[in-house]
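Chain by chain, the residues:
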Amino acid sequence: MQENIAKYTTDGNVVFLSKEKDINKKLSDIIGEKFKKYREKWDKVNNFELVTDFPMFLHLDLFQVCNYQCPHCNISDPDLLKKAYKGSISEKMDFDKYKRIVDEGSEHNCPSIEPQGVNEPLLVKNFEEYCQYAHKKGFIDIMINSNASALTEKRAKKLLDSGLTRFRFSLDAFSPETYKKVRVGSLPLDKVVKQIEKFLELKEKGNYKLPVTGVSMCVLKQNQHEVDDFQNFWIDKVDMVTFQSFQPPNAKKDYSNFYPDETEKKPKQKKKIKSFRCPQPFQRVVIRNDLITACCNTFSTQLTLGNLKDGIYNAWNGKLANELRYIHQNGMWELNPTCKICVETTAN
Ligand SMILES: C[S@@+](CC[C@H](N)C(=O)[O-])C[C@H]1O[C@@H](n2cnc3c(N)ncnc32)[C@H](O)[C@@H]1O
Ligand code: SF4
Ligand code: SF4
């Protein structure tokens, strides 16, 4: 294990580990000045120092379907899914609609896109074309997470040529036993690991610099004993190893069996949150079905900024978007009922 790697700490935030001190520095070195400039602007937005006239990040839910049923994921609660996401949850966003979204982003020099939400993106047969189109239209940073179950050699080759910049494989386990528990309905872990290793081998043999690769673990009571083994196994194989903290998908359900021991907390007992400002309404829009929403929260359809037919620009500059930015700029998250539930159930 490398020495400069931070240990997993249960501070309740996403803990980011990497062989490189800063993965964005690595991407700047590969992609160049335009990437560096984009990240500088992103940092200002993220620090509430700049409000742009168009989101810097388009986060798209192409559909809400997965071949796994991880018990900690939104997708394993069908009632929640129907209620929270509205509309058809299985209908895939067609390519023409996707192109219109990307085209509008491109007109406004939007730099980053994640065409994956609560779903398994590689179940979309022509997913590579979605990435390629965004790349062709000038998006600088194109990123996805995947369970890697559909990452055949053929797909791997296509993805390497797709313009994808960040590719993170969610595994959540080191041992096959734990994998089966936390990734219900999955392929055997060794098969998935082999597919990822094949992807990495093809990347290396083909001298591809992109995408930067990562593996991730959502730290749960069920897998917390494997954090070190997971990190040690993957750290020299990929560019980043990330550990996410568990966010309860449904504020009304009891998830006490999922919280890792050190971070045990009772979602129903409201904690005093001193100060919090959410950067999402400054960074992004999340597009689900035909709705343009403010954030990736499950209930973000309650924060609908507009409809796709009226365009992203109008939604981003509409009343609710401005209101959300105002309240978060000023740390007044309690004023919005959806943010209030979100912050009280997920923030530490
Ligand atoms: C919703 S998945 C979608 C992409 C893909 N199916 C995958 O598993 O990577 C995106 C990421 O969210 C993580 N995730 C799922 N449920 C979570 C939860 N309740 N809290 C925190 N992260 C979660 C997954 O582990 C994965 O890394
Ligand atoms: S593979 Fe991803 S989308 Fe599917 S259930 Fe697991 S975390 Fe959710
Ligand atoms: S609900 Fe509010 S606080 Fe939560 S992620 Fe969305 S905008 Fe941020």
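It should be noted that the structure appears before, not after, this text.
Residues numbered from 1 in each chain as written. Chains lettered and ligands numbered in written order. Predicted model: local features only at pLDDT ≥ 70, side-chain atom pairs only at ≥ 80, totals over all residues. Heavy atoms only, no water.

Draft legend 1. Just the site of ligand 3, in detail. What surrounds ligand 3 is the set Cys278, Gln280, Pro281, Cys295, Asn297, Leu303, His328, Cys339, Cys342 and Val343. Elements represented by at least two residues in the shell around ligand 3 include exactly α10 (280-283) and α13 (337-346). Looking at which element gives the most residues to the shell around ligand 3, the answer is α13, with three residues. Looking at the shell around ligand 3, its residues break down into seven nonpolar, three polar and no charged. (Near = heavy atom within 4 Å. Helix = DSSP H or I, 4+ residues; strand = E, 2+ residues; numbered from the N terminus. Nonpolar A, V, L, I, M, F, W, Y, C, P; charged D, E, K, R; others polar.)

Draft legend 2. Main features of the site of ligand 1. Residues in contact with ligand 1 amount to 18 residues; listed here are only the nearest, His72, Asn119, Glu120, Ser170 and Gln247. His72 places a main-chain nitrogen or oxygen 2.7 Å from a nitrogen atom of ligand 1. For ligand 1, an oxygen atom lies 3.4 Å from a polar atom in the backbone of Ser146. Relative to its unbound accessible surface of 550 Å², ligand 1 loses 86% to contact with the protein. Counting residues per element, the ones that place at least two in the shell around ligand 1 are β4 (141-146), β6 (212-219) and β7 (240-245). Here the shell around ligand 1 is composed, by residue class, of three nonpolar, twelve polar and three charged. (Polar contact = N/O pair within 3.5 Å; in protein donor to acceptor, adjacent residues only side chain to side chain. Areas by Shrake-Rupley, 256 points an atom, 1.4 Å probe, with all protein chains shown as cover.)

Draft legend 3. Just the nonpolar core, in detail. Within the largest apolar cluster, 74 residues are counted, with the highest numbers of intra-cluster contacts made by Leu58, Tyr98 and Trp234. When residues in this core are grouped by element, the largest group, seven residues, is from helix α8 (residues 189-205). Ignoring anything within four residues of it in the chain, the contact list for Leu58 reads Ile101, Gly105, Cys110, Ser112, Ile113, Glu114, Phe139, Val285 and Ile312. Listed in part, the 14 residues of the second largest apolar core include Leu27, Phe48, Ile140 and Met143. (Core = buried A, V, L, I, M, F, W, Y, C linked by side-chain atoms within 4.5 Å. Buried < 20%, exposed > 50% of the residue type's maximum accessible area, 1.4 Å probe, protein only. Contact = heavy atoms within 4.5 Å.)

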